[in-house]
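Breakdown of the fold
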Amino acid sequence: MVSKVYVMVDDAKRIIRCEGGITTPSDLTDWVLIDEGTGDRYDLCQSHYFEGGIYTSDGIPRYKLVDGKTVLRSEDEIEADILPSLREAKHAEISAASEAAIYAGMDVETTQGTEHFSLTEKDQINLTTAKNEIDKGAPVYLYHTDDTLCRIFTAEEINAIAQASVAHIIYHTTYCNHLFEWIRRADAAELAGITYGAELPDDLAAHMQEILTQAGAVAETEAVT
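A tally of regular secondary structure across the protein chain gives seven helices and nine strands. Here the protein chain has a C-alpha radius of gyration of 30 Å; the compact-globule value for 225 residues is 17 Å, and the former is much larger. In the protein chain, which comprises 225 residues, the proportion classed as buried is 32%. If you take every contact in the protein chain between residues at least 6 apart in sequence, the share linking residues at least 24 apart comes to 48%. Accessible surface, the protein chain: about 13400 Å² in total, of which carbon and sulfur atoms supply 53%. Across the protein chain, the centroid of the 17 positively charged side chains sits 8 Å from that of the 40 negatively charged ones.

Below, the structure written as structure tokens:
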């Protein structure tokens, strides 16, 4: 007995379903007849007709319909489909890494030597409060480093911590934004090598340095005023 093979395509003519033989749909609306014959290839076309399967391991259609015939899509066509999801995943990865780097904080030289200060959201709020009090004229403020008891910090120390925190946040925010730009223009192979801490391409590295230089000049101006 002759079995018929049908496919369904999306708006881009990519084959998204295959039925026929013993799984022939009762309603063939929107289905396209592509072949017919005898044997398992046609009776069980879902698992035998399309070599390698209809979809890649990433869920991307591997075949398309051209003039009524099935054609294996090129690697470039498949990559173009998968890139948006790869970029989205990489964007989320870099965003999380940037936030973690900011929250991890920085070292600052104080009267006690080199001390470390975290910059979680709560830490940033507490440091802003301390800086505001110093700006109002307070000569000292009660604060603390990571995992230590509170102590009295001088106005100079609070200002130094605040300045270091601004530089720390600006650096990681700027670096993260440049990584996002790299992600937007990278192909699938290049995306795999984009990690937090990776060296930026020359043009992005130069642009980032320019931005950081300008940001440093603004910070110095604000400190003077």
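It is worth spelling out the side chain of Glu157 at this point. With respect to the helices and strands, the residue Glu157 is situated in helix α5 (residues 155–185). Given a relative accessible area of 5%, Glu157 falls into the buried group. A polar contact is formed between the side chain of Glu157 and the side chain of Thr111, at a distance of 2.6 Å. Within polar-contact distance, the side chain of Glu157 engages the backbone nitrogen of Thr154 at 2.9 Å.

A surface patch of nonpolar side chains, about 270 Å² in accessible area, is lined by Val140, Leu142 and Ile152. Locating Ile152 in the fold gives a position in strand β9 (residues 151–154).

Turning next to the packing of aromatic side chains. Applying the stated rule across the entire model yields eight aromatic pairs. With centroids separated by 6.1 Å and ring planes inclined at 65 degrees, the aromatic side chains of Phe117 and Phe153 adopt a geometry described as edge-to-face. Of this pair, Phe117 sits in strand β7 (residues 113–117) while Phe153 sits in strand β9; the two residues are 36 residues apart in sequence, bridging distant segments of the chain. As far as burial versus exposure is concerned, Phe117 and Phe153 are alike and both buried. Through a chain of ring-to-ring contacts, three or more aromatic side chains come together here, namely Tyr42, Tyr49, Phe50 and Tyr63. If you follow Arg41 out to its NZ or CZ, it ends over the ring of Tyr42, 5.8 Å from the centre. Taking the ring centre of Phe153 as reference, the NZ or CZ of Arg151 above it sits at 3.7 Å.

Burial along strand β4 (residues 63–66) is one-sided: Tyr63 and Leu65 are buried, while Lys64 and Val66, pointing the other way, are not. As paired elements, β4 and strand β5 (residues 69–72) share four bridges and run antiparallel to each other. Paired with Leu65 across the strands is Thr70, a residue of β5. The hairpin formed by β4 and β5 contains two residues between the paired strands, and Asp67 there has a positive phi angle of roughly 55 degrees.

In this section: the environment of Met8. Note on placement: Met8 falls in strand β1 (residues 3–9). The class of Met8 is buried, set by a relative accessible area of 18%. In this structure, the C-alpha to C-alpha distance between Met8 and Trp31, residues 23 residues apart in sequence, is 5.0 Å.

Applying the stated criterion across every chain, the model contains twelve salt bridges. When the shortest N-O distance is used, the salt bridge between Arg14 and Asp81 registers 2.9 Å. Linking Arg14 in the loop between β1 and β2 (15–20) with Asp81 in helix α3 (residues 75–104), this pair joins segments that are 67 residues apart in sequence. Ionic contacts of the salt-bridge type, sharing partners, join the residues Asp10, Arg14, Arg73 and Asp81 into one network.

What counts and how
- Residues numbered from 1 in each chain as written.
- Predicted model: local features only at pLDDT ≥ 70, side-chain atom pairs only at ≥ 80, totals over all residues.
- Heavy atoms only, no water.
- Helix = DSSP H or I, 4+ residues; strand = E, 2+ residues; numbered from the N terminus.
- Rg over C-alpha atoms; globule rule 2.2 N^0.38 Å.
- Buried < 20%, exposed > 50% of the residue type's maximum accessible area, 1.4 Å probe, protein only.
- Contact = heavy atoms within 4.5 Å.
- Areas by Shrake-Rupley, 256 points an atom, 1.4 Å probe, with all protein chains shown as cover.
- Lys, Arg positive; Asp, Glu negative; His and termini not counted.
- Charge placed at Lys NZ, Arg CZ, Asp CG, Glu CD.
- Polar contact = N/O pair within 3.5 Å; in protein donor to acceptor, adjacent residues only side chain to side chain.
- Patch = residues over 30% accessible without salt bridge, like charges linked within 9 Å, V, L, I, M, F, W, Y side chains within 5 Å.
- Salt bridge = Lys/Arg side-chain N within 4 Å of Asp/Glu carboxyl O.
- Phe/Tyr/Trp six-rings, centres within 6.5 Å; stacked < 30°, edge-to-face > 60°.
- Lys NZ or Arg CZ within 6 Å of the ring centre and 35° of its normal.
- Pairing = 2+ DSSP bridges.

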